[in-house]
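Results of the structural survey
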Amino acid sequence: ARYAPLPPTDLLGVLRRRFDRSLEGLDASLRRLRPPPPPVDLWNVSGYNEVLERARTLIDGAESHIFCSLWRREATRLRSAFEAAAKRKVKIITFSFCALDDQPGKLYSYQLDEKDLEAFWKHKLILVVDHGRTLMGGAEPEDDSDAVVTGHPAITEVALNNIALDITLLSQRKKVDSSESMVEMLGERLGSLDPLVAKSKK
């Protein structure tokens, strides 16, 4: 066998074609891969005052809706933020086991004494803003409260359903019409459920 070196121009052509084929194969393989999940949008918040400050920040940024479940103590601390949101024409729907004074927006409450509830429950705070941002966690000064703030759709869904369920149970027990609030909270899903419920009764 006899060998002779390729001219430089021919060598570059061979290497370029090999390199291009490798890149094309890599590109095809990458396209078949599933895209990476988006970065996790979840922030841990520690400390009672910090939890309330983050809640206030969410309320201050609300543009259309605020749905919340809270106790009298936290409602009092956040009242000025709620009032400012109401002046911006933000729709506010609140659930509470406690008796609340002058809570802006639509209130669903069992009107129970907070001290009686504290005998067996710890304070919790759930806040959903514009169907997109959620704060959920404890609200106890002595326990160095922890909460999460997130825009993750699954967590927002859980928080919203929690508030909606509490309002639904209260409405059934106290014979209160909450249908308008349910539409605000659950939208088209509420209408889709009615035919299924009717069908199950047959």
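An account of the accompanying structure is given in this report.

About the thresholds
- Residues numbered from 1 in each chain as written.
- Predicted model: local features only at pLDDT ≥ 70, side-chain atom pairs only at ≥ 80, totals over all residues.
- Heavy atoms only, no water.
- Phe/Tyr/Trp six-rings, centres within 6.5 Å; stacked < 30°, edge-to-face > 60°.
- Helix = DSSP H or I, 4+ residues; strand = E, 2+ residues; numbered from the N terminus.
- Buried < 20%, exposed > 50% of the residue type's maximum accessible area, 1.4 Å probe, protein only.
- Polar contact = N/O pair within 3.5 Å; in protein donor to acceptor, adjacent residues only side chain to side chain.
- Contact = heavy atoms within 4.5 Å.
- Pairing = 2+ DSSP bridges.
- Axes fitted to C-alpha atoms, helices over the stretch in contact; angles between N-to-C directions.
- Expected span 1.5 Å × (residues − 1).
- Arc of directions from axis to C-beta.

Re the packing of aromatic side chains
- Scanning the model with the defined rule gives 5 aromatic pairs in all.
- A ring pair is formed by Phe-95 and Tyr-110, whose centres lie 6.0 Å apart and whose planes are at 90°; its orientation type is edge-to-face. Note that Phe-95 is positioned in strand β3 (residues 91-98) and Tyr-110 in strand β4 (residues 106-112), a separation of 15 residues in sequence. Here Phe-95 matches Tyr-110 in class, with each residue buried.
- Here the aromatic residues Phe-95, Phe-97, Tyr-110, Phe-120 and Trp-121 are joined through ring pairs into a cluster of three or more.

With respect to the side chain of Ser-96
- Along the chain, Ser-96 turns up in strand β3.
- Residue class for Ser-96 comes out buried when judged on its relative accessible area of 1%.
- Within the structure, the side chain of Ser-96 is placed 2.7 Å from the backbone oxygen of Leu-70, a separation counted as a polar contact.
- If we ignore the near neighbours within four places in the chain, the residues touching Ser-96 are Leu-70, Trp-71, Tyr-108, Ser-109 and Tyr-110.

As for the sheet that holds strand β1 (residues 42-46)
- One open sheet accounts for 7 strands, arranged β1-β7-β6-β5-β2-β3-β4; its pairing is mixed. Pairing within the sheet leaves two strands with one partner each, and these edge strands are β1 and β4. In this sheet, neighbouring strand axes are inclined to one another by 10° on average, regardless of whether the strands run parallel or antiparallel.
- Sheet topology note: the strand β2 (residues 65-69)/β3 ladder contains 5 bridges and is parallel. The residue bridging Ile-66 from the neighbouring strand is Ile-92, located in β3.

Overview of helix α2 (residues 48-61)
- Relative to the 20 Å expected for 14 residues at 1.5 Å per residue, α2 spans 20 Å between its end C-alpha atoms, a close match to the ideal helical length.
- Of the positions making up α2, those classed as buried are Tyr-48, Val-51, Leu-52, Ala-55, Leu-58 and Ile-59. Viewed along the axis of α2, the buried residues span an arc of 120°, placing them on a single side of the element.

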